[in-house]
Amino acid sequence: MARYVMVVDLEKCTGCQTCVVACKMWNGLGPGIQRVTVVEKEEGEYPNVRRAYIPKRCMNCKDPQCTKVCPTGATKRDDEKSVVTVDKDKCMGCRYCMMACPYNARTFYKHEQWYHEEPSAWEKKRYKEHTEGVVDKCDFCISRIDSGLKKALTPGVDPDATPMCVLSCIADALHFGDIDDPESNVSKIIEARGGFRLLPEMETDPSIYYLPKRTGNEADKS
Amino acid sequence: MKQIRVESLLASPQDIVTFQSEWSKGGSGGLLLLALFAGNVGPGLYMMSFLMNFTVGMLVGFLIVAVGYGLPHLLFLGRKERFWRGMMHPDTSWISRGFIFANIFMGFACLTMALGSPMLANMIPESISIYYNPIGILSSVFAFLLAMYPGFLFASVRAIAFWHSFLLVPLFIVQAFGSGIALLLVLAHAPGVSLHGGEHLLFPEAIFLVTSALLILGHLFFTFSSGKAGRTSVMRLVSGSFKKAFLLGALSCEIAIPLAVVALTFVGLNKSMLIPAELIQLCGIYFFKYCFLNAGAYNEICSEQVFDSIYSHSGESRPFN
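What you see is a predicted model, and the numbers here were worked out from it, not measured in a lab.

**Student:** Whenever I open this one, the nonpolar core confuses me. Can you help?
**Tutor:** Nonpolar side chains in soluble globular proteins generally cluster together in the buried interior. Counting 99 residues, the largest nonpolar core has Tyr96 of chain A together with Trp23, Phe105, Phe154 and Trp163 of chain B as the members making the most contacts within it. For Phe154 of chain B, the contacting residues outside a window of four places in its chain are Trp23, Leu36, Trp163, His164, Leu168, Phe172, Phe292 and Leu293 of chain B. One finds Ile33, Cys61 and Ile142 of chain A together with Phe307 of chain B within the second-largest nonpolar core, a separate group that totals 49 residues.

**Student:** How should the packing of helix H7 (residues 202-224) of chain B against helix H8 (residues 228-238) of chain B be read in this particular structure?
**Tutor:** What describes two packed helices is the angle between their axes and the distance between those same axes. All names here are of chain B. One can describe the packing of H7 onto H8 by two numbers: an axis separation of 7 Å at closest approach and a directional angle of 135°. The angle between H7 and H8 places the two elements in the oblique class. For the pair formed by H7 and H8, the contact residues are Leu220, Thr223 and Phe224 on the first element and Gly230, Arg231, Val234, Met235 and Leu237 on the second. When grouped by side-chain class, the residues that make up the contact of H7 with H8 number 5 nonpolar, 2 polar and 1 charged.

**Student:** Can you walk me through the pattern of salt bridges in this structure?
**Tutor:** Residue and element names in this part refer to chain A. On inspection of all chains with the given rule, the structure shows 18 salt bridges over all chains. Ionic pairing is found between Arg193 and Asp9, a salt bridge with its closest N-O pair at 2.8 Å. On the criterion of sequence distance, the pair formed by Arg193 in helix H7 (residues 185-193) and Asp9 in strand E1 (residues 4-9) is long-range, its members being 184 residues apart. One salt-bridge network, in which partners are shared between bridges, spans Arg3, Arg197 and Asp205.

**Student:** What am I meant to see in the sheet that holds strand E9 (residues 208-211) of chain A here?
**Tutor:** Strands pair in a sheet through their backbones, by hydrogen bonds, and they do so in one of two ways: parallel or antiparallel. Residue and element names in this part refer to chain A. The sheet built from 3 strands is open, its strands ordered E8-E1-E9 with mixed pairing. Each having just a single partner strand, strand E8 (174-178) and E9 make up the two edges of the open sheet. The sheet shows a mean angle of 25° between the axes of neighbouring strands, taken without regard to direction. Bridge analysis of E1 against E9 gives 4 bridges, and the strand direction is parallel. Bridge pairing links Val7 to Tyr209 in E9.

So, how was this worked out
Residues numbered from 1 in each chain as written. Chains lettered and ligands numbered in written order. Predicted model: local features only at pLDDT ≥ 70, side-chain atom pairs only at ≥ 80, totals over all residues. Heavy atoms only, no water. Core = buried A, V, L, I, M, F, W, Y, C linked by side-chain atoms within 4.5 Å. Buried < 20%, exposed > 50% of the residue type's maximum accessible area, 1.4 Å probe, protein only. Contact = heavy atoms within 4.5 Å. Axes fitted to C-alpha atoms, helices over the stretch in contact; angles between N-to-C directions. Helix = DSSP H or I, 4+ residues; strand = E, 2+ residues; numbered from the N terminus. Parallel < 35°, antiparallel > 145°, perpendicular 65-115°, else oblique. Nonpolar A, V, L, I, M, F, W, Y, C, P; charged D, E, K, R; others polar. Salt bridge = Lys/Arg side-chain N within 4 Å of Asp/Glu carboxyl O. Pairing = 2+ DSSP bridges.

Right, dumping it as structure tokens:
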């Protein structure tokens, strides 16, 4: 049993959206379907302003609301890896899970679309893996984790077992690993720098940790 | 010339309170609105008709549930052929429970109407027809559960502050009874239909209208004080883009006009406006459901506290100070 979590270093994130594009490319997501969003938060008036880019995706919560409300059992939590998945063969498209998700991290896959007049070769190949009329969400690229584990690779360390957004991040702002393993990269980062999670009052125990910004001296020391 | 679809991926969404759209926008949102309305009026009419021994009302209530509630729900689903899977998790999901309540209600309602039907009276032995009342009571119990469950369904959504209120449960029940009486009184005035004791329904109707008004006001107050998302939802209804639909459509039509007319009728001053007022009340309940769905807003994800957390370890509240 492992609990895979993602760590987002808000000090390093530049809001470049590479993770968004990498996710769409790897998962073959058509127009309108987006599993990752980079939320921009800005406050204050010049010269007293604060700004942050906050990448947001399904939090793959330990105690998720979506699994409870799902009437078909399509949305369920994989306790082995601590990832919430949607069984596309069971989902009936009622969208109750979308209402229940406090992070608004799910999308309804209405119908097949592509970016050009005709689907590209890549789109033809990947779009077949999607089902129309069901709900779509980030599952930490569970297919990559599964195939990596079969090859005895370590998720978060070996590229072939790591989510695509983490691999693609140009600023090394995303980290992935097993928080139950005290020697994992994510455990060490969280131990060193703390971190917080979004909407703790919802008591869903989300699996994405955000690292706060540091002063220049603290950052230089690291 | 080739067309290329362009998405605004690079435009980062600003963190603001966002309204849910999957259950309110477009054709599918309209279907859900219709189902929510019919799921309230149909059981209400059935229960009141059974109480008044009004067979026409029971039949119409049953048909409203079967056609107005069941069919739009089915059409709303993304994968309609899998509708039967909707009853798989009654242990945790209110959609599953509602699905089961609706089916059991329809089964018992069919039996009740068959046992009470004058056309079938000669074909049904007396040893079976004596079960009319017990089965009718059972069907009414499930009609009550059917009218009540959307209140629990919405109240269980913690992500949307405007829906996360247990005042919705009594509100949906009261609206079901109120709309049931309204439609029953309208049906009673149809040619060839007779209802005994219809005048006795005016007092309970007035009680339901007043209770409904108090519950709506309580719900608005409760959600307004629950946080930014709740406040935004309430403001959308009372001063935002849904102001007319809510104040004129919902509050005036559902509460104020019917209450005034019922009060006048009750004291015997004006009876001619009763039927139009009952129809207006039904429109008002429809508008309320419309506003209710459209006012659902998700809680702000990156609140002020989150922003403070981002800068908490930096030792500076303003980076450029």
